[in-house]
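# Chains, contacts and geometry: an overview
Residues per chain, in single letters:
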Amino acid sequence: MLIPDFPFPYDDFIGHPAGIGTVPPEHYGTEVAIVGAGMAGLVAGYELMKMGLKPVIYEAAQIGGRLRGATSTGRTSPVADLGGMRFPRTGRTFFHFLDLLDIQTENFPNPLTPASSSTVIAVGGKVHYAKTASDLPVLFHEVSQAWRESLEERAHFGPMQQAIRDRDLKTIKRLWNDLVERFDDTSFSGYLATSKAFSALPFEHREAFGQVGFGAGGWDTNFPDSILEVLRVVYVDADDDQLRIVGGAQLIPQRLWDHAPETIAHWPAGTTLASLNGGSPRGAVRKINRAAGGDAAAQAIEVTDEHGRRESYPAVIATCQSWLLSARIDCDESLFSPKLWTSIERSHYMQSSKTFVTVDRPFWKDVDPVTGRDVMSTTLTDRLTRGTYLLDNGPDTPALICLSYTWNDDALKWLPLDAAERVRLMLHSLKAIYPTVDIASHIVGDPITVSWEDDPNFMGAFSDNLPGHYRYQERLFTHFRQEEFAPAHRGIFLAGDGISWTGGWAEGAVTTGLNAVWGVMHQLGGETDPANPGPGDLHPDFWPVKLP
C-alpha cells in the first residue's frame, strides 16, 4: 500500500536490519504517554520500547481498538470481527507484525472469489447466482468495463500501478500531484457521472455499480466521498486479494501487547508492553494539558486519567479517534494550532454497522437437489442487509454469518434497533432472496452486533474524506514532523488510521504509528541509521503536496 500522497516504503523501513532508529542513552527509560491501545498505539509503543523508552498506555475500553472481536455468550469461538476483518495482502507493513506474532491467515470469502463458493447479487427484484464473474448478466460486465475505462481515462491508473510496483517515487508524485489539484473537489459520484465511459451508458449502469461496487464493496454509500479516497484504495489493490485472521483479528493486538522483542535497548530480555505497564493499561484519558511553568518548548505535557491520576511526559502520542480530543477529552486548545483544530473537527467519519449470528455448521455449502446450487451464497443486495458474508470454520463446526455489513445511511437504518430486532428484519430481507432456506433453524446462541457511531469511544467507524478535505488530511498526516511548529504546539503527535491517507485500513494505523515514533525519537535527539532513513527524513519532494 504505497500511498501516492506520501510513497514512503514503510515495509522496507520496518524490516531493515539496522532498525528504525535510536535515542541517546541518557533518555533510556523516559516515559512517553500513548492514548489508545489500538493498532497504532501498540505499534508505536512496541517500537518505542525497543528503543529503550517506556511507553505508558492509556485505554478507555479494551486492548485492540477497532480490531475487536466477540463471540456468542458462553462460546470461545467462532470470533466475529466487529471492526477490521479484511486485510489486503498489499498491506505489507501490517503483515510484518502478523509474521512477527505468528498470526495465521486465510483468504476472505469476498464475492466472486475462490474463497467464496458462490455469489448472489440480488438487485431490482432479480436474483443472479454466480460461481464466477462470467456467470453474471452482460449488464455487470459492462459496468465493470466502464469502471476500468473511467480509471484509465483520467486517473493514470495503469501508469500509476506500474510506478507503485516499481517504487518509482518520482513518477508516483508527478502523476498524483496533478490529480490532487484537479480532483480535490470532485466526489466519487461526480467522477463517475462525468467520465466518458459511464456517460455513454444508461443511468442504470451507475445505479448497478452503486449496488455491487468495486472490489470488496465500494458501494453507493461511498458516492459522496472524494474520488481521491477511492483512487488511493484501487491503486494499491487494497480492494482485492484480502485475507482474514484465523481466530479473529483481536489476536494481533493481544499478542503484540505480550510480545517480547528479540532485540531491545536498555530493558532486560523478556520485557513486554504488558510488563512495562503492570499488566494492564491505565484508564481513559480525561484531560491533556501543558504542564505549568517554564518555557513552552521545555514544558512537559500532563495527562489526567479517569481516576484523577496526573502524570507529566515529554511527549504524548494520541491515537484515539480525533474528535475525542474535543468531544470527550478536555484537551488544552494551545496544544494544536487553530488550523489543525479545524482539520480535526472537519474530519469526516463513516458510520458502520455489523450483525453476526453463530450457526451450527456451514449449511450454505449444502446443494439444493432441485437447482444444483449452493443453498446460500455470499450476497450483495439493494435490500436492507446490503452485504452478507459466510465465514466457514471447518466442516460440521459452528460457523458465522455476517447477516449485514452496512455503511453510512444504510448503517443509520439499524441504529435505533436492538440486536434481536436487527436479526428479525435481516432474516426477513434474506428470506426474499432465499425463500426455501430456514436460516433461523441453524442459529445457535445470541446475535452479535455493533454500530460504531454509537460507541462513545469511537463515534464512527473510520475517516473518509469528503470533497475539499485534502488540506485537512495533509495537515493531520504531516503533524509528526514538528520542527517548524511553534513551541507550544510541539510534543503531542497524532496517529491512527484516521490520520492516515487510508482511513479504515490497519496499514494506515501501523504506518502513522511509525510516523509518531519517528517524531518522538527526533524530539528526544535520536536519529535513524543512515542506511535506513525514516519517514521524516524523506526528501521534501516526496511529501504530500500543499494546495494553495
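For the structure itself, consult the block above.
Residue positions within a chain follow its written sequence, with the count starting from 1. Only residues with pLDDT of at least 70 are given local features in this predicted model, and only at 80 or more are side-chain atom pairs given and counted; all residues enter the totals for whole chains, interfaces and linings. Think of the side-chain values as coming from all heavy atoms in the structure, minus any hydrogens and water.

## Here's the deal with the overall build of the protein chain
Our working rule: Numbering goes from the N terminus for both helices and strands, where a helix is a DSSP run of H or I of at least four residues and a strand is a run of E of at least two. Radius of gyration: over C-alpha atoms. The globule rule applied is 2.2 Å multiplied by the number of residues raised to the 0.38 power. Each residue's exposure class comes from its accessible area (1.4 Å probe, protein chains only) as a fraction of the maximum for that residue type: buried when under 20%, exposed when over 50%, partly exposed otherwise. Whether two residues touch is decided by their heavy atoms; if any such pair falls within 4.5 Å, the residues are in contact. Accessibility throughout is a Shrake-Rupley quantity obtained with a 1.4 Å probe, and a residue counts as covered only by protein chains that appear here. For the charge count, each Lys or Arg is scored as positive and each Asp or Glu as negative, with His and the chain ends excluded. Taken as the charge centre is NZ of Lys, CZ of Arg, CG of Asp or CD of Glu, depending on the residue.
The helix and strand tally for the protein chain stands at 18 helices and 22 strands. Here the C-alpha radius of gyration of the protein chain, 24 Å, is about what a compact globule of 548 residues would show, namely 24 Å. Over its C-alpha atoms, taken along the principal directions, the protein chain stretches across nearly 80 × 55 × 40 Å. Buried positions account for 58% of the 548 residues belonging to the protein chain. Expressed as a percentage of contacts within the protein chain between residues at least 6 apart in sequence, the contacts between residues at least 24 apart total 72%. Of the accessible surface of the protein chain, which amounts to about 21,400 Å², a share of 50% is contributed by carbon and sulfur atoms. Placing the 47 positive and 68 negative side-chain charges of the protein chain at their respective mean positions leaves the two points 2 Å apart.

## Thoughts on the pairing of strand 1 (residues 31-35)
Cut-off, in case you're wondering: Two strands form a pair only when DSSP identifies at least two bridges running between them. Crossover handedness is defined by viewing with both strands directed away from the observer: a clockwise path from the first strand over the helix to the second marks the crossover as right-handed.
Burial analysis of strand 1 places 4 of its 5 residues in the buried class, which makes it a mostly covered element. Summarising the sheet, strand 1 and strand 2 (residues 54-58) pair through 5 bridges and their orientation is parallel. The partner of alanine 33 across the bridge, within strand 2, is valine 56. For the crossover from strand 1 across helix 2 (residues 39-50) to strand 2, the handedness is right-handed. Across 3 bridges, the pairing between strand 1 and strand 13 (residues 316-318) is parallel. Counted as the bridge partner of isoleucine 34 is isoleucine 317 from strand 13.

## Remarks on unusual backbone geometry
Residue proline 78 follows serine 77 across a cis peptide bond; omega there is -5°. Looking at where proline 78 falls in the secondary structure, it is placed in the loop between strand 3 (69-70) and strand 4 (80-81). Phi is positive for aspartate 237, close to 55°, though the residue is something other than glycine. Residue placement: aspartate 237 occurs in the loop between helix 10 (227-235) and strand 9 (242-245). Residue aspartate 237 is classed as partly exposed on the basis of its relative accessible area, which comes to 31%.

## A few points about the packing of aromatic side chains
Here is the rule we go by: Pairing of aromatic side chains requires ring centres within 6.5 Å, counting the rings of Phe and Tyr and the six-membered ring of Trp. Pairs whose planes differ by under 30 degrees are stacked, by over 60 edge-to-face, and all others tilted. To sit over a ring, a charge needs its Lys NZ or Arg CZ within 6 Å of the ring centre and within 35 degrees of the ring normal.
One pass over the full model with this rule turns up 31 aromatic pairs. Pairing phenylalanine 94 with phenylalanine 95 gives two aromatic rings, centres 5.4 Å apart and planes at 80°, and the pair type is edge-to-face. Exposure class is identical for phenylalanine 94 and phenylalanine 95. Each is buried. Across from the ring centre of tyrosine 191, 4.3 Å away, lies the NZ or CZ of arginine 154, which sits over that ring. Sitting over the ring of tyrosine 405, lysine 354 keeps its end group 4.7 Å from the ring centre.

## Remarks on the pairing of strand 9
Burial along strand 9 is two-sided: Gln242 and Arg244 facing one way and Leu243 and Ile245 facing the other are all buried. Bridge count for strand 5 (residues 87-88) against strand 9 is 2 bridges, and the pairing is antiparallel. Bridging across to strand 9, proline 88 finds its partner in glutamine 242. Sheet topology places strand 6 (residues 105-107) next to strand 9; 3 bridges connect them, and they run antiparallel. Looking at strand 9, one finds that glutamate 106 is bridged to arginine 244.

## Details of a negative patch on the surface
Note the following rule: Only residues above 30% relative accessible area that lack a salt bridge enter a patch, with like-charged residues linked at up to 9 Å and the nonpolar side chains Val, Leu, Ile, Met, Phe, Trp and Tyr linked at up to 5 Å. Any Lys or Arg side-chain nitrogen found within 4 Å of a carboxyl oxygen on Asp or Glu counts as a salt bridge.
A cluster of acidic side chains, namely Glu142, Glu204, Glu207 and Asp382, defines a negative patch on the protein surface. Relative to the elements of secondary structure, aspartate 382 occurs in the loop between strand 17 (378-381) and strand 18 (387-391).

## What about the environment of phenylalanine 477?
Looking at where phenylalanine 477 falls in the secondary structure, it is placed in helix 17 (residues 470-477). Looking at phenylalanine 477, the relative accessible area reads 4%, which means it is buried. Taking the C-alpha atoms as reference points, phenylalanine 477 and cysteine 320, separated by 157 residues in sequence, lie 14 Å from one another. The contacts of phenylalanine 477, once residues within four sequence positions are left out, are Phe6, Tyr10, Ile499, Ser500, Trp501, Thr512, Asn515 and Pro544.

## Thoughts on the sheet that holds strand 7 (residues 119-123)
As a reminder of what qualifies: Between the N-to-C directions of two axes lies an angle of 0 to 180 degrees, each axis being a line fitted to C-alpha atoms and, for a helix, fitted only over the stretch in contact.
With respect to topology, 7 strands assemble into an open sheet ordered 8-7-17-18-19-16-20, the strand pairing being mixed. Single-partner strands in this sheet number two, and they are strand 8 (126-130) and strand 20 (448-451). Averaged over all pairs of adjacent strands, the angle between strand axes in this sheet comes to 15°, irrespective of strand direction. Where strand 16 (residues 352-359) and strand 19 (residues 399-407) come together, 8 bridges link them in antiparallel fashion. When the bridges of strand 19 are listed, valine 359 appears paired with alanine 399.

## Overview of helix 2
In plain terms, the rule: A helix's residues, less one, multiplied by 1.5 Å, set its expected span.
The first and last C-alpha atoms of helix 2 sit 17 Å apart over 12 residues, in line with the 16 Å expected at 1.5 Å per residue. When you tally the buried positions in helix 2, you get 11 out of 12 residues, the bulk of the element. Buried within helix 2 are the following residues: Met39, Ala40, Gly41, Leu42, Val43, Ala44, Gly45, Tyr46, Glu47, Leu48 and Met49.

## Topic: the packing of helix 2 against helix 3 (residues 92-100)
The line we're drawing: Here roughly perpendicular refers to angles of 65 to 115 degrees, roughly parallel to angles under 35, roughly antiparallel to angles over 145, and oblique to all remaining angles. Crossings are classed by handedness, with left-handed meaning an anticlockwise turn of the near helix from the far one by less than a right angle and right-handed meaning a clockwise turn.
The contact between helix 2 and helix 3 brings their axes to 13 Å, and the two run at 65°. Judged by the inter-axis angle, helix 2 sits roughly perpendicular to helix 3. Note on packing geometry: the crossing formed by helix 2 with helix 3 is left-handed. On the side of helix 2, the interface is formed by Met39, Val43, Tyr46 and Glu47, while helix 3 contributes Phe94, Phe97 and Leu100.

## Regarding the sheet that holds strand 14 (residues 330-331)
Pairing within the open sheet is mixed, and its 4 strands lie in the order 12-11-10-14. Of all strands in the sheet, those with a lone pairing partner are strand 12 (310-313) and strand 14, marking the two edges.

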